Amino acid sequence: MYPEVADIKQISLNNVDSSMILAQDLIDLRGTTLVTAGTALRREILPLLHKHKIEAVWVKDTSSPAKPQINREITTVHSLISTATRRKMIQTMQNAFRHRGSIAAHLPCLREAIDEVIQELSKNEHLLIYLTDLRSTSEYLYGHCVDVGLFAIVIGMAMGLPKEDIYILGIGGLLHDYGKTTISEAILEKNGPLTPEEFNLVKNHAAAGYNILRTETKVDSRIALMALQHHERPDGRGYPWGITSEEIHPLARIVAVADVYDALTTDRVYRPAVAVFEAIRTITSCCGTQFDPKVVEAFRKVTVPFYIGGAVRLSNGVAGAVLRINSSNPSRPVLWTREGIVNLLHEPDLNIDAVV
Ligand SMILES: [Fe+2]
């Protein structure tokens, strides 16, 4: 079972105080538990830890919750990153994927790319995922990996993850489908049903990516885990292992949502893109079964399901047009209707049933 990364932090034993709660069991070199998770780190416990040469511990973090968002009614949603940065990232990904076997050599470039993305995101007043970029299907793999990295970062930020986890999450998002470099393009882009053998080959990309990334000693193990577990599901019906809920690494649970959202909203050779509204509805309907509810909650906070100016139909049958997006809850915008302006933020009984 993995701890929730958003809720814990590592702290030097010198800076521990008695109000802190241990987040992970402390074990000695023989595997014997010294102190169990959930214990308050009282002063009398510290000599035992010093005796076992433990220098740092993981404690529950109550200091950095996700920032409360001030709502703004906005009429323009900017792209998360510039076209130039996106192109540069795709180039970086092409270089990394085409020189298989030497991913560690590309890690500084990937980290630099993520750094640039995080810097751009930090200048963006409202971190909202709005329109998906148009891209040619031949570039699907690279464009998809860039988007998954980007969306995962935005979801991770909405969950209040520490900065270092955001970096790892971004790189893990970029490399989550690295195992697909072992599959021929003819299978990946096949315009028709896959044979059972081909399907198994495609499904094997998760384990293949993990194995390649694990052989690279400089790759953080969490990055390899995101490649391995991004098709696992809380209900145990995912692959390759069919593990459940907390057995799936928290960062992999974020990549899982970003992956499906991007895949659904992108045109493929074998099916057209699904409307953003429908994609969000699909992900929400799989909350708890296919996706971690906490991740879905954060995802919904940062994803705009409607186009500004787009027509919608309300649950009371009234038609309307999206006037402004409420930045704190993009699923509940301000609408123009024949009956006047309706702010769904203040109308809990009304819902948008359909995008017309
Ligand atoms: Fe995948």
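Up top is the structure.
Worth saying up front: this structure is predicted, and the values here are computed from it rather than measured. (Residues numbered from 1 in each chain as written. Predicted model: local features only at pLDDT ≥ 70, side-chain atom pairs only at ≥ 80, totals over all residues. Heavy atoms only, no water.)

S.K.: Could you clarify how one ought to interpret the coordination of the iron ion in this entry?
M.R.: Protein coordination of the iron ion is provided by D177 (OD), H205 (NE2), H230 (NE2) and H231 (NE2), with donor distances spanning 2.2 to 2.3 Å. Classification of the site at the iron ion rests on its four donor atoms, whose angles at the metal span 83 to 172°, yielding the label irregular. Positions of the donor residues of the iron ion along the chain correspond to the pattern D-x27-H-x24-H-H. With D177 in the loop between α5 (163–175) and α6 (185–188) and H205 in helix α8 (residues 205–215), this pair connects stretches of sequence that are 28 residues apart. The same class applies to D177 and to H205, which are both buried. (Donors = N, O, S within 2.8 Å, 3.2 Å for Na, K, Ca; no water. Tetrahedral: all angles 85-135°; square planar, octahedral: opposite > 155°, others 65-115°. Helix = DSSP H or I, 4+ residues; strand = E, 2+ residues; numbered from the N terminus. Buried < 20%, exposed > 50% of the residue type's maximum accessible area, 1.4 Å probe, protein only.)

S.K.: What should I look at first to understand the packing of helix α2 (residues 83–98) against helix α4 (residues 140–158) in this one?
M.R.: Between two packed helices, what matters for the description is the angle formed by their axes and the separation of those axes. At their nearest, the axes of α2 and α4 sit 9 Å apart, and the two run at 115° to each other. With respect to the hand of their crossing, α2 and α4 are arranged in right-handed fashion. Across the interface between the two elements, R86, M89, I90, M93, Q94, F97 and R98 from α2 touch L141, Y142, G143, C145, V146 and D147 from α4. Its residues assigned to classes, the contact of α2 with α4 shows eight nonpolar, two polar and three charged. (Axes fitted to C-alpha atoms, helices over the stretch in contact; angles between N-to-C directions. Left-handed = near helix turned anticlockwise from the far one by under 90°. Contact = heavy atoms within 4.5 Å. Nonpolar A, V, L, I, M, F, W, Y, C, P; charged D, E, K, R; others polar.)

S.K.: I tried to follow the environment of Y261 on my own but got confused; where do I start?
M.R.: Counting through the fold element by element, Y261 comes out in helix α10 (residues 250–264). Between the C-alpha atom of Y261 and that of V148, which follows or precedes it by 113 residues, the distance is 8.5 Å.

S.K.: What's the story with the side chain of H176 in this structure? I'm lost.
M.R.: Tracing the backbone shows H176 in the loop between α5 and α6. Assessed through its relative accessible area of 0%, H176 is described here as buried. Here the side chain of H176 touches H144 through a polar contact of 3.2 Å, side chain to side chain. Residues within four places of H176 in sequence aside, it is in contact with H144, C145, V148, M226, A227, H230, V255 and D259. (Polar contact = N/O pair within 3.5 Å; in protein donor to acceptor, adjacent residues only side chain to side chain.)

By themselves, these figures tell us nothing about what the structure is for.
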